[in-house]
Amino acid sequence: VQLVESGGGLVQPGGSLRLSCATSGFTFSSYVMSWYRQAPGKERELVAGITSDGGSINYADSVKGRFTIARDNAKNTVYLQMNSLKPEDTAVYYCYARHRVYGMDYWGKGTLVTVSS
């Protein structure tokens, strides 16, 4: 099983980034996919989640209206479009997969997003 995040980097406040999480080794279309983040000295927190069929999406209040989660079941990939980035969005962003019925779960290794001028 592999979950490989990409797209992180350094961006100025107000800028945008698009994160991708390419997966393999499991039946992607049977898994709820989520993005979490962990800032220095803070606990890991849920940023956004999307159901296996893409029919339901949820966001943390702190990112609503700025971030968009999407998935492509044909490419086994989940995305996080991040707009209007703020310094407080600085964190390591992790991809997370959980089976929609049986609960097996997997984590990616994370990608660092730094928002700074």
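Above this text sits the structure in question.
The sections below set out a description of the structure shown in this document. Small disclaimer: the values here were computed from a predicted structure and weren't measured.

Concerning the nonpolar core
Then comes step 1: With 28 residues, the main nonpolar core has M33, W35, V78, L80, M82 and Y93 as its most contacted residues.
Then comes step 2: Breaking this core down by element, the ones donating at least two residues are β3 (17-24), β4 (31-38), β5 (45-50), β7 (67-72), β8 (77-82), β9 (91-99) and β11 (111-115).
Then comes step 3: Ranked by residues supplied to this core, first place goes to β9 with four residues.

A word on the sheet that holds β8
Then comes step 1: Taken in spatial order, the four strands line up as β1-β3-β8-β7 in an open sheet, and their pairing is antiparallel. The open sheet has two edge strands, β1 (2-6) and β7, and neither has a second partner. Neighbour to neighbour, the strand axes of the sheet diverge by 15 degrees on average, direction disregarded.

About the criteria used
Residues numbered from 1 in each chain as written. Predicted model: local features only at pLDDT ≥ 70, side-chain atom pairs only at ≥ 80, totals over all residues. Heavy atoms only, no water. Core = buried A, V, L, I, M, F, W, Y, C linked by side-chain atoms within 4.5 Å. Buried < 20%, exposed > 50% of the residue type's maximum accessible area, 1.4 Å probe, protein only. Helix = DSSP H or I, 4+ residues; strand = E, 2+ residues; numbered from the N terminus. Pairing = 2+ DSSP bridges. Axes fitted to C-alpha atoms, helices over the stretch in contact; angles between N-to-C directions.

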